[in-house]
Amino acid sequence: MEVEGQDLDRRNKDAPPQMNKGLRRALIAVNCVLMAIGNAGGPLLLRLYFHSGGKRQWLSGWLETGGWPIIFLPLLVSYLHRRRRLLRGPGHRHQPPTKLFFITRPLFLYCAALGLLLGLDDFLYAYGLSFLPVSTSALLISAQLVFTAFFAFVLVKQKFTPYSINSVVLLTVGAVMLGLHVSSDRPNNVTRGEYYMGFVLTLGAAAVYGLFLPLVELTYTKAKQAITYTLVMEMQMVMGFFATAFCTVGMLVNKDFQAIPREAKHYEQGEFRYYVVLVWCAILWQFLFLGTVGVIFCVNTLLAGVLIAVFIPVTEVFAVIFFKEKFGSEKGVALALSLWGLASYSYGEYREGKRSQNTAADLSSQPV
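Computed from a prediction, not measured in an experiment: that's the story for all the values here.

Before going further, it helps to spend a moment on the overall build of the protein chain. On a plain count of helices and strands, the protein chain comes out with 14 helices and zero strands. Shown N-terminal to C-terminal, the secondary structure of the protein chain runs as helices and strands in the order α-α-α-α-α-α-α-α-α-α-α-α-α-α. By the burial criterion, 53% of the 368 residues in the protein chain qualify as buried. For the protein chain, the proportion of contacts with a sequence separation of at least 24, taken over those separated by at least 6, is 84%. Of the roughly 18,100 Å² of accessible surface on the protein chain, a fraction of 67% belongs to carbon and sulfur atoms.

Right, here's the structure in full:
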């Protein structure tokens, strides 16, 4: 399995020099942390919104990408850094001005289409979560790993090793095992029909997101320009904007904007906390999406899918603590399987990295 994120750049003739290992590892660590925070906090806050009296599905879908303006901050830092470096360089007066954005028009249009697909996924997930406990929704979302593995193989020719296959199998078995013991989790105010509709909608969201992740990596591969981390953030901003626009249209049709003040007044946690939940929900979901595209950039699609699946038992533990959801022995076994799957994947990546280093060393030692 390819683990060098800059292989994407090497496919472009005009790609910049390969990222040094220290910076690459730092980016991987930062993006994994963002994924962990967003993957655990986003669903919990969204469920808290519904649990405390929220009923607007389009609004909850909007929150999943509505925090896209946050990306302006790291983009501004990147721009100022490039501008300062240009001004300090020799002959800076004869250099062209610092680019404000790197994204090209074709790439912008492609990201816009991906954003609309992401908006659909936001709505399906939020609608499903309105009828399901967090733990049930989380285990159903884990099915995205299977879809991700399939679409990654078809679209970006993702290579598999015995370790990555073992990881996928373990995580899938854990999710299925949980799925066989959730019939008693139906919330009191949800009918049986709504409960099963939540199942279908959440599985649909898993399928759409399983397609979305490889399409993002395919975008990196097919882009006719060097893929840098700054460009990755620009792409995420465009996708977030159009996903939010998709849900905004739904909010306008459903008259959610007029309903927000009324809903806030009747919110069980209080009007002020209602808006706090909405704001932090948008921020944490943005952490998840930004971390996900960063992991795809630095490593690959399959690792992003594995990490999302690994955090599912963590989300369930928090659901038990904050929402008093049941945590039976099957959830403990699923947690062990998830950790085993991550260990298997990590060890496979370690072995593959060592093999690649040894191969490169053997080639460099051969006489010309």
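Now that the structure has been shown, the text picks up again.
Let us look at the nonpolar core. Counting residues in each nonpolar core, the largest one holds 82 residues, and the members touching the most others are Leu46, Phe212 and Tyr220. With 15 residues, the single largest contributor to this core is helix α12 (residues 271-298). The next biggest cluster of nonpolar side chains, apart from the first, holds seven residues, and it includes Phe131, Leu132, Leu139 and Val190.

Moving on, we get to the packing of aromatic side chains. Taken as a whole and assessed by the stated rule, the structure comprises 23 aromatic pairs. Aromatic side chains Tyr127 and Phe131 sit 5.6 Å apart centroid to centroid with 40° between the ring planes, which places their arrangement in the tilted category. In this structure Phe131 comes out as buried when scored by relative accessible area, which is 9%. Ring centres of Tyr267 and Tyr274 lie 5.1 Å apart, and the angle between their planes is 70°; this geometry places the pair in the edge-to-face category. Comparing Tyr267 with Tyr274 shows no difference in burial state: the two are buried. Taken together, the aromatic side chains of Tyr49, Phe50, Tyr267, Tyr274 and Tyr275 make up a single cluster linked through ring pairs.

Right, let's get into the packing of helix α6 (residues 134-141) against helix α9 (residues 192-222). Closest axis-to-axis distance for the α6/α9 pair is 8 Å, and the angle between their directions is 40°. When the axes of α6 and α9 are compared, the pair comes out oblique. Note that α6 runs across α9; the crossing there is right-handed. Residue-level inspection shows Thr136, Ser137, Leu140 and Ile141 of α6 in contact with α9, the latter providing Tyr195, Phe199, Thr202, Leu203, Ala205 and Ala206.

Here the focus is a nonpolar patch on the surface. Nonpolar side chains collect at one region of the surface, where Phe150, Phe153, Val154, Phe160, Ile165, Val169 and Val173 lie side by side and expose about 620 Å² of accessible area between them. Broken down by secondary-structure element, the contributors of at least two residues to the nonpolar patch are α7 (144-155) and α8 (162-179). By the element assignment, Ile165 lies in helix α8.

The subject of this paragraph is the pattern of salt bridges. Going through the model one piece at a time under the given rule, you end up with one salt bridge. The partner of Asp256 in a salt bridge is Arg56, with the nearest N and O atoms 2.8 Å apart. Highlighted residues: Asp256 in helix α11 (residues 256-265) and Arg56 in the loop between α2 (21-51) and α3 (57-63), separated in sequence by 200 residues. Both residues of the pair, Asp256 and Arg56, belong to the buried class.

As a further point, take the packing of α7 against α9. Between two packed helices, what matters for the description is the angle formed by their axes and the separation of those axes. For the pair α7 and α9, interaxial distance at closest approach is 8 Å and the crossing angle is 35°. Here the hand of the crossing between α7 and α9 comes out right-handed. Here Gln144, Phe147, Thr148, Phe151, Ala152 and Leu155 of α7 come into contact with α9, specifically with Leu203, Ala206, Ala207, Tyr209, Gly210, Leu211, Leu213, Pro214, Leu215 and Leu218. Each residue belonging to the contact of α7 with α9 can be placed in one class, and the counts come to 13 nonpolar, three polar and no charged.

Among the secondary structure elements, Phe257 is positioned in helix α11. Here Phe257 falls in the partly exposed class, since its relative accessible area comes to 38%. Sequence-wise, Phe257 and Leu59 are 198 residues apart; in three dimensions their C-alpha atoms are separated by 8.4 Å. The residues contacting Phe257, other than those within four sequence positions of it, are Thr248, Met251 and Leu252.

What counts and how
Residues numbered from 1 in each chain as written. Predicted model: local features only at pLDDT ≥ 70, side-chain atom pairs only at ≥ 80, totals over all residues. Heavy atoms only, no water. Helix = DSSP H or I, 4+ residues; strand = E, 2+ residues; numbered from the N terminus. Buried < 20%, exposed > 50% of the residue type's maximum accessible area, 1.4 Å probe, protein only. Contact = heavy atoms within 4.5 Å. Areas by Shrake-Rupley, 256 points an atom, 1.4 Å probe, with all protein chains shown as cover. Core = buried A, V, L, I, M, F, W, Y, C linked by side-chain atoms within 4.5 Å. Phe/Tyr/Trp six-rings, centres within 6.5 Å; stacked < 30°, edge-to-face > 60°. Axes fitted to C-alpha atoms, helices over the stretch in contact; angles between N-to-C directions. Parallel < 35°, antiparallel > 145°, perpendicular 65-115°, else oblique. Left-handed = near helix turned anticlockwise from the far one by under 90°. Patch = residues over 30% accessible without salt bridge, like charges linked within 9 Å, V, L, I, M, F, W, Y side chains within 5 Å. Salt bridge = Lys/Arg side-chain N within 4 Å of Asp/Glu carboxyl O. Nonpolar A, V, L, I, M, F, W, Y, C, P; charged D, E, K, R; others polar.

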